[in-house]
Amino acid sequence: MTAFSMTDLATVAPEIFLAVLGLALLMAGVFRGDRASGWISWAVVAGFAAAAGLVWQGGGARALAFDGLYVSDAFSLFMKQLTLLGSGLALVLSIRFNDREGIARIEYPVLFLFATLGMMTMISANDLLVLYVGLELQSLCLYVVAAYRRDSVRSTEAGLKYFVLGALSSGMLLYGVSLIYGYTGTTRFDVLVEQVAGHGAPALGLVVGLVFLISGLAFKVSAVPFHMWTPDVYEGAPTPVTAFFAAAPKVAALALFARVLVGAFGPLVEQWSQIIVFLSIASMALGAFAAVGQTNIKRLMAYSSIGHMGYVLIGLAAGNVSGLRGLLIYTAIYVVMGIGTFACILCMRRQGRTVEAIADLAGLARTHPMVAFALAIFMFSMSGIPPLAGFFGKFYVFMSAIEAGLYVLAVLGVLSSVVAAFYYLRIVKVMYFDEPDAVLDRPIGGTLAVVLAGTSTFTLLFFLAPGPLLARAQAAAAALIGG
Amino acid sequence: MIVYAAAFYVFAAMAIASGAMVIASRNPVHSVLFLILAFFNAAGLFVLMGAEFLAMILVIVYVGAVAVLFLFVVMMLDINFAELRQGFLQYLPIGGLVGLILLVELLFVAGTWVFAPEAGQIVSDRPSGSGGTTNAHAIGLVLYTKYAYPFQLAGLVLLVAMIGAIVLTFRSRDGVRRQRVADQLARGPESAVELRKVKSGEGV
């Protein structure tokens, strides 16, 4: 019953920094009023950068803190920096949007900050309790920002729907946690893995608990059949919030998925692998087929994200180092592509009002050649056409599936990505070959242009220098499997 | 010991019965009242287990705050519950089937339950009121040391809940007369009081 020490506090320095920054900015915002939301947003972005620096400084060596409740290793390093990148970019996209729509409030950046703090907690969780608390911290912020535009019926509906289904999934997750605790007597991941490995056949109750836990987590990454909320929430939430949903929470939930399944339940791979294979196939198929009929681009991106989660889960189903490496690379590339695509969607304004139909993109190549070019890059990349970044993500994931002997999964993945290519290419066709009926607004704004340029350059030129990302993903995957 | 067992069965049966009544009763206010009864019985079960601190917390937090809040919401909101229940029977077969499958699965799970040999020892070693540490003391010892990290995070969750409630419900409206203390204090007798000489016998 020892109290925590200074070394514990030093290990969780990034989280403590973000929490204190959030409280300070909240106070500053309350005293300065909503006009201060601009600089508070930039302060939060700077805080994310500083937190990423602190994470980097912490290094990739495995360190436990708070009596084993918190773990920091190469895996958490990779995932945390990715989350901070995704959240930061999504927040940068929001600032101008909120100003234009007249919905800028000081709570918005603060909620982003606390959501990101929750995600970092999830990524570093080494205990089922911390997992749950981090998940709730993140989800609660997300429910609120989904309903952030409260004058809009669709935004309110998105928030409410997300909240009700999220509460249901939290309930399932907690039920699974209680069963796991009941059958193993521990909630710590590193103790769990010994407990699970120690005995021959796992207890039935433990497996049932694991299934409930997977269901709860699958909801958070919106894998089929727990995807129902995704299209409505993506469509209803304000566009920068949707960009945030598509990027950061998915990273955190995937990190949690990998850490729980590979880290804590690694010896039970036979039990959970088949569930992940099913989730993966169903997500890929639904992502490919359901998106074909969509006319709203945000809904289309929702189905696209469901499909991408299917591909990522292939890496997890493989369950080996190369599979995890594929998962990490795919996630990193997906975050950049997703933010870039939503930056393009944010450019879609006509006479000061946002438009969201795919048909509104008609003739974009003539009116906004640079935006059209960037969006074309992202669409080609998402459908996995070499030499763009998206191809490498799919390549490593499919390779790992072949290595693990999951041939059917790899073949189905390739087939569904062919189907998915249809709707990605349709957007390119609409932009380049259809006649424009009304011109979209220009200019698109400085920050948006910078984000677009950065993400599209990364996507286009990733093949020139994939080495650093590969090496770091390799180290992160090895840290999780080894530790 | 017989009293102990009898108390357990009374509390357990009451908890289950009132739980069933929560979903079965037609009047939503009755549902909430049965929910409160279920909480009380659960608290009774906690007391039997020797976890009197948890029992009191359950009564204070769930009965005192959550259930009363529920009651207010149910009574204040004008919701036509009969209309809400319209589709209920329609989904009953599929819902009942899912529930039944889940129940059977859980029975299988319960069937494989084996008690660890040392479980009985742990139960008899638990901290009790006489001698040793009390419940509250034992929880406090681990809550603020070993579990300080999730405890602080839980605090942040509550903060976010508060921010969320403010973001979603607070709006500044025009035409609302608010008390401005500064204006009240700045007002002196010269702007508020007028002195007039009134001749006697004439009135104002």
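Here the residue numbers are simple positions, counted from 1 along each chain's written sequence. Each chain takes a letter, starting from A, and each ligand takes a number, starting from 1, following the order in which they are written. Note on the predicted model: pLDDT of at least 70 is required for a residue's local features to be given, and 80 or more for side-chain atom pairs to be given and counted; whole-chain, interface and lining totals, by contrast, use all residues. Hydrogens and waters are ignored; side-chain quantities use all the structure's heavy atoms.

**A look at the side chain of Ser304(A)**
Residue and element names in this part refer to chain A. Using the following cut-off: Helix and strand definitions follow DSSP, with helices as H or I runs of at least four residues and strands as E runs of at least two, each counted in order from the N terminus. Each residue's exposure class comes from its accessible area (1.4 Å probe, protein chains only) as a fraction of the maximum for that residue type: buried when under 20%, exposed when over 50%, partly exposed otherwise. Residues adjacent in sequence count toward polar contacts only when both atoms are side-chain atoms; beyond that, a polar contact is any pair of N or O atoms within 3.5 Å, and within protein one must be able to donate a hydrogen and the other to accept it. Any pair of residues with heavy atoms lying within 4.5 Å of one another is described as a contacting pair.
Structurally, Ser304 can be placed in helix α13 (residues 297-318). Taking relative accessible area as the criterion, Ser304 reaches 1% and is therefore assigned buried. Looking at Ser304, its side chain comes within polar contact range of the side chain of Tyr424, at 2.8 Å. When near neighbours in sequence (up to four residues on either side) are disregarded, Ser304 contacts Met382, Tyr423 and Tyr424.

**A look at the environment of Gly118(A)**
Tracing the chain through its elements places Gly118(A) in helix α5 (residues 107-123). With residues near it in sequence (within four places) discarded, Gly118(A) still touches Gly134(A), Leu137(A) and Gln138(A).

**Description of the pattern of salt bridges**
Residues and elements named next belong to chain A. Keep this limit in mind: For salt bridges, the criterion is a side-chain nitrogen of Lys or Arg within 4 Å of an Asp or Glu carboxyl oxygen.
Enumeration over the complete set of coordinates arrives at 18 salt bridges over all chains. With a closest N to O distance of 3.1 Å, Glu235 and Arg154 form a salt bridge. Of the two residues, Glu235 sits in helix α10 (residues 229-236) while Arg154 sits in helix α7 (residues 153-184), which places them 81 residues apart along the sequence. Since its relative accessible area comes to 40%, Arg154 is described here as partly exposed. Between Asp232 and Arg299 there is a salt bridge; the shortest N-O distance is 3.2 Å.

**Topic: the interface of chain A and chain B**
Short version of the rule: Buried area: the accessible surface (1.4 Å probe) lost by two parts on joining, summed over both. Gly is placed with the polar residues, together with every amino acid not listed as nonpolar (Ala, Val, Leu, Ile, Met, Phe, Trp, Tyr, Cys and Pro) or charged (Asp, Glu, Lys and Arg).
Taken together, the contact pairs 37 residues of chain A with 30 residues of chain B. Both faces considered, chain A and chain B share a buried interface measuring about 2,900 Å² in area, 80% of it formed by carbon and sulfur atoms. Linking chain A to chain B there are zero salt bridges. Applying the counting criterion to the chain A and chain B interface returns four residue pairs in polar contact (both at pLDDT 80 or more). Those elements that provide at least two residues to the side of chain A that touches chain B are α2 (13-32), α5, α6 (128-146), α7 and α9 (204-220) of chain A. Broken down by element, the residue count for the side of chain A that touches chain B peaks at seven residues, all from α6(A). When the residues that make up the side of chain A that touches chain B are grouped by side-chain class, the tally is 28 nonpolar, four polar and five charged.

**Observations concerning the packing of helix α4 (residues 74-101) of chain A against α5(A)**
All names here are of chain A. This is how it is decided: All axes here are fitted lines through C-alpha atoms, helices being fitted over the stretch that makes contact, and every angle between N-to-C directions spans 0 to 180 degrees. An angle below 35 degrees is treated as roughly parallel, one above 145 as roughly antiparallel, one from 65 to 115 as roughly perpendicular, and anything else as oblique. Crossings are assigned a handedness: left-handed for a near helix turned anticlockwise from the far helix by less than a right angle, right-handed for a clockwise turn.
It is at 10 Å that the axes of α4 and α5 come closest, and there the two elements cross at 165°. The pairing of α4 with α5 is recorded here as roughly antiparallel in orientation. α4 and α5 meet at a crossing whose hand is right-handed. Only Tyr108, Pro109, Phe112, Thr116, Met119, Met120 and Ile123 of α5 make contact with α4, whose side of the interface consists of Ser76, Met79, Lys80, Thr83, Leu84, Ser87, Ala90, Leu91, Ser94 and Asn98. Here the residues of the contact of α4 with α5 are counted per class, giving ten nonpolar, six polar and one charged.

**Brief notes about the domain arrangement of chain B**
All names here are of chain B. What counts, and what does not: The split into domains, and so the bounds of each, comes from an automatic or database assignment of domains.
Per the domain assignment, the segments making up chain B are domain 1 (7-80) and domain 2 (112-172). With five residues of domain 1 in contact, the opposing surface of domain 2 contributes four residues. Carbon and sulfur atoms supply 53% of the area that domain 1 and domain 2 bury against each other, a total of about 420 Å² over both sides. The three residues of domain 1 that bury the most area against domain 2 are Met49, Glu52 and Phe53, which together make up 72% of that side's buried surface. Linking domain 1 to domain 2 there are zero salt bridges. Across the contact surface, domain 1 and domain 2 share two residue pairs in polar contact (both at pLDDT 80 or more). Here the side of domain 1 that touches domain 2 is built from residues that sort into three nonpolar, one polar and one charged.

**Notes on the nonpolar core**
Using the following cut-off: To form a nonpolar core, buried Ala, Val, Leu, Ile, Met, Phe, Trp, Tyr and Cys residues must be joined to one another through side-chain atoms within 4.5 Å.
One finds Met79(A), Phe114(A), Phe245(A), Phe257(A), Phe265(A), Ile276(A) and Leu316(A) to be the most contacted residues of the largest nonpolar core, which totals 192 residues. Take this core: its biggest share by element is 19 residues, from helix α11 (residues 239-264) of chain A.

**Quick word on the packing of aromatic side chains**
We count it as follows: In this scheme Phe, Tyr and Trp rings, the latter by its six-membered ring, pair at centre separations within 6.5 Å, and the angle between planes marks the pair as stacked below 30 degrees, edge-to-face above 60, and tilted otherwise. A ring is considered to have a charge above it if a Lys NZ or an Arg CZ atom is located within 6 Å of its centre and within 35 degrees of its normal.
Tallied over the entire structure, the rule returns 22 aromatic pairs over all chains. An angle of 85° between the planes, with centres 5.6 Å apart, marks the rings of Tyr70(A) and Tyr149(B) as edge-to-face. Taken together, the positions of Tyr70(A) in strand β2 (residues 70-72) and Tyr149(B) in helix α8 (residues 148-169) put the pair across two chains. Classification of Tyr70(A) as buried rests on a relative accessible area of 1%. The buried category is assigned to Tyr149(B), whose relative accessible area is 8%. Considering the side-chain rings of Tyr311(A) and Tyr330(A), the 6.2 Å spacing of their centres and the 25° angle between planes classify their relative orientation as stacked. Taken together, the residues Tyr311(A) in helix α13 and Tyr330(A) in helix α14 (residues 321-346) connect sequence positions 19 residues apart. Using a relative accessible area of 4% as the deciding quantity, one classes Tyr311(A) as buried. Assessed through its relative accessible area of 3%, Tyr330(A) is described here as buried. Members of the aromatic cluster, each reached through a chain of ring pairs, are Tyr143(A), Tyr162(A), Phe163(A), Phe219(A), Trp229(A) and Phe245(A). The residue whose ring lies beneath Lys394(A) is Tyr311(A), and the NZ or CZ to ring-centre distance is 4.7 Å.

**Section: the confidence of the model for chain B**
Note that predicted coordinates carrying low pLDDT should not be read in detail. Residue and element names in this part refer to chain B. Defined as follows: pLDDT gives the predictor's per-residue confidence on a scale running from 0 to 100.
On average, residues of chain B score 84 in pLDDT, and 89% of them are at 70 or above. Within chain B, the lowest mean pLDDT, 64, falls on helix α6 (residues 119-125), and the highest, 93, falls on α8. Complex prediction metrics read pTM 0.90 and ipTM 0.91.

**Some points on unusual backbone geometry**
Residues and elements named next belong to chain A. A cis amide bond links Val224 with the next residue in sequence, Pro225, at an omega value of 5°. You can see Pro225 is positioned in the loop between α9 and α10. For the bond running from Pro386 to Pro387, omega is 5°, close enough to zero to count as cis. For Pro387, the location among the structural elements is in the loop between α16 (369-383) and α17 (389-403). Residue Asp67 is not a glycine yet carries a positive backbone phi of 60°. Relative to the assigned elements, Asp67 resides in the loop between β1 (63-65) and β2. Given a relative accessible area of 45%, Asp67 falls into the partly exposed group. Positioned with a positive phi, Ser222 is a non-glycine residue whose angle comes to about 55°. As for its placement among the helices and strands, Ser222 is situated in the loop between α9 and α10.

**Quick notes on the packing of α6(A) against α8(B)**
For the pair α6(A) and α8(B), interaxial distance at closest approach is 9 Å and the crossing angle is 10°. Our classification of the angle between α6(A) and α8(B) gives roughly parallel. When α6(A) is examined against α8(B), the residues Val130(A), Val133(A), Leu137(A), Leu140(A), Cys141(A) and Val144(A) are found in contact with a partner set consisting of Tyr149(B), Pro150(B), Leu153(B), Ala154(B), Leu156(B), Val157(B), Val160(B), Ala161(B), Gly164(B), Val167(B) and Leu168(B). The class makeup of the residues in the contact of α6(A) with α8(B) is 16 nonpolar, one polar and no charged.

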